[in-house]
Amino acid sequence: MSITNTGNLGPLILQSLAPAMLYVPTPTMNYITVCDKISMPANGGTTCRFMRPRALTPPTIQLGNSGIDPPAQIPQRDIIDAQMAFFGTGCIINEQVILQDQEGVLAWVSERLAVAMRQAEDLILRDYIVSAASEINAGGGSNGDNPTNLGVSDFSLVATTLDTNNAYKFMSGIEGMDRFGTGPVRSAYFMLTSTELQSDFDGLTGLGFLSQWNYPTNASALPAEYGSVYNIRILTSSEAPVARGASLKGNDVYYNTVLGKQAITHINQDGYSMNLIYRDPYYSGMLAQNATLAVKFAQAQAITQDTAIRNLLSTRLTNLGV
Amino acid sequence: MTEYSRMAKGSFTSTGAAQIINLPFVPDRVNLTNYTSYAAFAAHGIPWANWSSAMGQGFAAVGYVNTGPVLDTAVVISGGISTFQAGLMLQYGPTQQIIGITAANPAVVNVTAHGYSIGDTVIMQGLYQSATTGMPQIAGIPFTIEAVGDADHFTINWNASGSNYTALSASPTGALVKKVLYPFLYLPEDNVVWRITTGNTTTVGTTMYHNFEVGQEIAFRIPAAWGTTQLNSLPNPLIPGQPIYGYVTSITDNWTFVCNINSSAYTTFNVNQPVANVPGQTFPQVLSVGDINTGGNIITATSALYPPPQFPTSTNRVSTINGPAIRGAFVNNTSQGFIIGTGNAVFQTTADTSSHLVGANADVIYWQAFLDDITMP
């Protein structure tokens, strides 16, 4: 008896494309989330200018009975300038790819370009903050490095600094509820930090760290929110800045950006931000062979309240997984 | 040439130092013509050079004038043509062992064949001579090299002559240095302060290029241990809540500027920090918070009509690739392109240390750069 099997009657087509694309590992983009956002007008030149009035001297000296007015004050202001820059990238796709490939090439390339554009936006903000914001080295940890790993006193110090500078907090507090294992959350600044420090934060449980899962309600928690320590709510991302091997002892240094409202402003120009551009092969050479897909955007950024932002630099206490 | 390839050409007059060429693309092929070497045929000259990305970073195939002088062929195997993409921060070069650092003002670092140039920025780690002595106080601080004594020594802006500093010697374990590859992508940046001269005006020295312009509005962050805390922008005892800022009134050099704050009665700046205080110690800083300028860079004989921002802001200025901006604005300084190195011609395994790919000072060099559509294999 002969049995017909795939050895002598194999399928004509061996492969079948799975119905869904696999996900692309993509970091959480936190920096754009906490920025103020403004649009610079068209025909507005190259540089966006901010103006912040200075406080006037409070008149704490009584007028007396002389009938003479006190001298007038001269109002002053601070000016902050940021130059617009333009960015873009794209792909040239031969029509044979579009014609012959089974999957929707143009669709997923468009998606990837859009994500690349958003990620660039975030990375630019990240690196600008690393460069331009002032730093506090963590000293509350126990590893004897400079900076040390994060101790709860570091959170207290940086929040105290911002409070003393009259920075505005992002979040109002969450009142305690009668739910087992939860605790109230203070009104808070945001800390933008690395996922690599999450195990260090877990190690502070009971010492001041409250997991987002232990909030009375996590209705106001952001997707990237890991928890809070005192007056700081912690957003983590794998793309947070790390200076590898840059500490006193050669350990990784994390730039944990703690900031209040209006500390950083993201600027686009006349809605120029985020253009996805598709050009049909018709617009390429004489044989119209190649389509192009591209993205471009205009972006500037500025620290608009230097008193409301600090990079809290730290090392890490726990080992990393691989 | 096909439809999407990129080509660029240009020329420059060599200073003898590595030359950075900014382009709107990263080339995969570069050709060089040293016109001066063609015109004055002499030993050690490199009249032409070719590089392809397939050769690898830092290589080149060159025409070479030997000591005959006879024209020959040679290669450059380090310090040749290399490309760069300066788009992300916190990238570093390889670590190198530190042999020693002088406890002097300024400190001189000894590293065998360091390969650094003036203007390169480095950070160090370790720096303990014993468990309780050494110079860990300066670990983690970015320094833009101020002088290069020789192939094994370079100078950083730090006063290490104080009693709390012990010179490093005999290659202490863990004492390492590495180059910060792209320290100035966003300008002006936060800076570590290494000296403050108080007076009717205040003179400030920074460890990196400060990149400030005259008219820059600045704020200080001086921790208590460093002395001159009266410069700090907060707290303000007269108008509580209002930060106190200063303005840059003159630029002394790439590491030094003068601001308008009268610091005559302020506490002396103290750089002599004890080793025991190092863990968790925050460095004194000065940063830009704005400016009071209304115009861009001033035209020069060789500049564009409307020059873009240039950094550093005193000498050896290099234009950003963007358009004009208000002086003192926050600007993006990311870039890409290629570097013509100072590598030597190697003829039959022997390097001629008097020949340099980038030519000698005042050599006129023409370059062409390409990004090809098709590369085989």
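No experiment lies behind these values; they were computed from the predicted model shown.

Enquirer: An account of the overall build of chain A is requested, with residue identities and associated values reported.
Expert: A count of helices and strands for chain A gives four helices and 15 strands. Projecting the C-alpha coordinates of chain A onto the three principal axes gives extents of approximately 120 × 55 × 45 Å. Burial status across chain A gives 37% buried among its 322 residues. Residue pairs in contact within chain A that sit at least 24 positions apart in sequence constitute 76% of those at least 6 positions apart.

Enquirer: Can you explain the overall build of chain B? Please cite residues and give values.
Expert: Looking only at helices and strands, chain B features one helix and 28 strands. Compactness check: chain B gives a C-alpha radius of gyration of 23 Å against a globular reference of 21 Å for 377 residues, within 12% of the reference. The dimensions of chain B, computed from C-alpha atoms along their principal axes, are 70 × 55 × 40 Å. Looking at chain B residue by residue over its 377 residues, the buried ones come to 44%. Partitioning the contacts of chain B with sequence separation of at least 6, the portion at a separation of at least 24 is 70%.

Enquirer: Give me the lowdown on the interface of chain A and chain B, citing residues and values where you can.
Expert: In this complex, chain A contributes 49 residues to the contact, which on the side of chain B involves 50 residues. Of all the elements in the fold, those that place two or more residues in the side of chain A that touches chain B are β3 (77-83), β4 (85-94), α2 (105-132), β5 (135-137) and β10 (242-243) of chain A. Of the residues contributing to the side of chain A that touches chain B, the split by class is 20 nonpolar, 20 polar and nine charged.

Enquirer: Can you lay out the environment of Tyr-282 of chain A for me, pointing to particular residues and giving the numbers?
Expert: Residues and elements named next belong to chain A. Topologically, Tyr-282 is positioned in the loop between β13 (275-279) and β14 (290-303). C-beta crowding within 10 Å serves as the criterion here: with 8 such atoms nearby, Tyr-282 is assigned to the exposed category. Residues Tyr-282 and Ile-264 lie 18 residues apart in sequence; the distance between their C-alpha atoms is 43 Å.

Enquirer: Hey, could you go over the pairing of strand β8 (residues 225-229) of chain A for me, with residue numbers and the actual values?
Expert: Residues and elements named next belong to chain A. Taking burial as the measure, the five residues of β8 include four buried ones, the bulk of the element. Examined bridge by bridge, strand β7 (residues 209-211) and β8 share three bridges and lie antiparallel to one another. Bridged to Leu-210 within β8 is Ser-228. For β8 and strand β9 (residues 232-237), the ladder comprises four bridges, and the chain directions are antiparallel.

Enquirer: Kindly report on the domain arrangement of chain B, identifying the contributing residues and their values.
Expert: Quoted interface sizes are often the accessible area lost when the parts come together. You can read the domains of chain B as domain 1 (6-86 + 337-371), domain 2 (96-180) and domain 3 (186-291). The centre of domain 1 of chain B, based on its C-alpha atoms, is set 42 Å off from the matching centre of domain 3 of chain B.

Enquirer: Could you give me a rundown of the pairing of strand β19 (residues 246-253) of chain B, with the residues and numbers involved?
Expert: Residues and elements named next belong to chain B. Here strand β18 (residues 216-221) runs beside β19; their pairing, made up of two bridges, is antiparallel. By the bridge assignment, Glu-217 is partnered in β19 with Tyr-247. Pairing analysis gives four bridges linking β19 to strand β20 (residues 256-259), with the strands arranged antiparallel. Residue pairing in the sheet places Asp-253 in a bridge with Thr-256 of β20. Between β19 and β20, which pair antiparallel and follow one another directly, the connecting turn spans two residues.

Enquirer: Mind laying out the sheet that holds strand β10 (residues 121-125) of chain B, listing which residues take part and the relevant values?
Expert: All names here are of chain B. With antiparallel pairing, the four strands of this open sheet are ordered in space as β7-β14-β10-β11. Strand pairing shows two members of the sheet lacking a second neighbour, β7 (96-97) and β11 (143-144), which therefore form its edges. In this sheet, β11 lies alongside β10 in antiparallel orientation, the contact comprising two bridges. Along β11, the bridge assignment pairs Thr-121 with Thr-144.

Enquirer: Tell me about the sheet that holds strand β8 (residues 100-101) of chain B, and please be specific about residues and values.
Expert: Residues and elements named next belong to chain B. On the basis of which strands lie adjacent, the open sheet formed by four strands has the order β8-β9-β13-β12 and antiparallel pairing. Looking at which strands have only one partner, the edges of the open sheet turn out to be β8 and β12 (147-150). Note: β8 against strand β9 (residues 107-110), two bridges, orientation antiparallel. If you follow Gly-100 over to β9, its bridge partner there is Asn-110.

Enquirer: How would you explain the environment of Ile-138 of chain B if you had to name every residue and give the values?
Expert: Residue and element names in this part refer to chain B. Tracing the sequence through the fold places Ile-138 in the loop between β10 and β11. Residue class for Ile-138 comes out buried when judged on the 26 C-beta atoms lying within 10 Å of it. Along the primary structure Ile-138 and Leu-127 are separated by 11 residues, whereas in three dimensions their C-alpha atoms are 8.1 Å apart. When sequence neighbours within four positions are dropped, the list of residues in contact with Ile-138 reads Met-124, Leu-127 and Trp-158.

Enquirer: Could you give me a rundown of the nonpolar core, with the residues and numbers involved?
Expert: The biggest cluster of nonpolar side chains holds 132 residues, and the ones touching the most others in it are Ile-232, Leu-259 and Ile-264 of chain A together with Ile-98, Met-124 and Ile-218 of chain B. Counting the residues that make up this core, at least three belong to each of domain 2 (96-180) and domain 3 (186-291) of chain B. Aside from chain neighbours lying at most four places away, what touches Met-124 of chain B is Ile-98, Ile-138, Ala-139, Leu-176 and Val-177 of chain B. With 22 residues, the next largest nonpolar core counts Ala-60, Tyr-64, Phe-338 and Ala-345 of chain B among its residues.

Enquirer: Can you break down unusual backbone geometry residue by residue, with the values?
Expert: Residue Pro-69 of chain B is reached from Gly-68 of chain B by a cis peptide bond, and omega for that bond is 0 degrees. Turning to its location among the elements, Pro-69 of chain B is positioned in the loop between β5 (59-65) and β6 (71-86). For the bond running from Asn-105 of chain B to Pro-106 of chain B, omega is 0 degrees, close enough to zero to count as cis. If you trace the backbone, Pro-106 of chain B turns up in the loop between β8 and β9. The residue Ala-288 of chain A is not glycine, and still its phi comes out positive at about 50 degrees.

Enquirer: Outline helix α3 (residues 152-164) of chain A, supporting the account with residue identities and numerical values.
Expert: Note on helix geometry: an α-helix contains 3.6 residues per turn, so any two residues three or four positions apart are oriented the same way. Residues and elements named next belong to chain A. In this model α3 runs 18 Å from its N-terminal to its C-terminal C-alpha over 13 residues, within 8% of the 18 Å that 1.5 Å per residue would give. Where α3 is concerned, the buried positions are Asp-154, Phe-155, Leu-157, Val-158, Ala-159 and Leu-162. Buried positions along α3 lie against β5, β6 (189-194), β8, β9, β11 (253-259) and β15 (309-314). Taken from the residues just after α3, Asn-166 is the one with a positive phi, measuring 60 degrees.

Enquirer: Let's hear about the confidence of the model for chain B: which residues, and what values?
Expert: Per-residue pLDDT for chain B has a mean of 96; in total, 99% of the residues score no lower than 70. Predicted complex, confidence summary: ipTM 0.94, pTM 0.95.

Enquirer: Describe in detail the environment of Leu-317 of chain A, supporting the description with residues and values.
Expert: Its place among the elements puts Leu-317 of chain A in the segment after β15. In the structure, Leu-317 of chain A is positioned 66 residues away from Asn-251 of chain A in sequence and 9.9 Å away in space, judged by C-alpha atoms.

Calculation notes
- Residues numbered from 1 in each chain as written.
- Chains lettered and ligands numbered in written order.
- Predicted model: local features only at pLDDT ≥ 70, side-chain atom pairs only at ≥ 80, totals over all residues.
- Helix = DSSP H or I, 4+ residues; strand = E, 2+ residues; numbered from the N terminus.
- Buried ≥ 20, exposed ≤ 12 C-beta atoms within 10 Å, placed from the backbone.
- Contact = placed C-beta atoms within 7 Å.
- Rg over C-alpha atoms; globule rule 2.2 N^0.38 Å.
- Nonpolar A, V, L, I, M, F, W, Y, C, P; charged D, E, K, R; others polar.
- Pairing = 2+ DSSP bridges.
- Domains from an automatic or database assignment.
- Core = buried A, V, L, I, M, F, W, Y, C linked by C-beta atoms within 7 Å.
- Expected span 1.5 Å × (residues − 1).
- pLDDT = per-residue confidence, 0-100.

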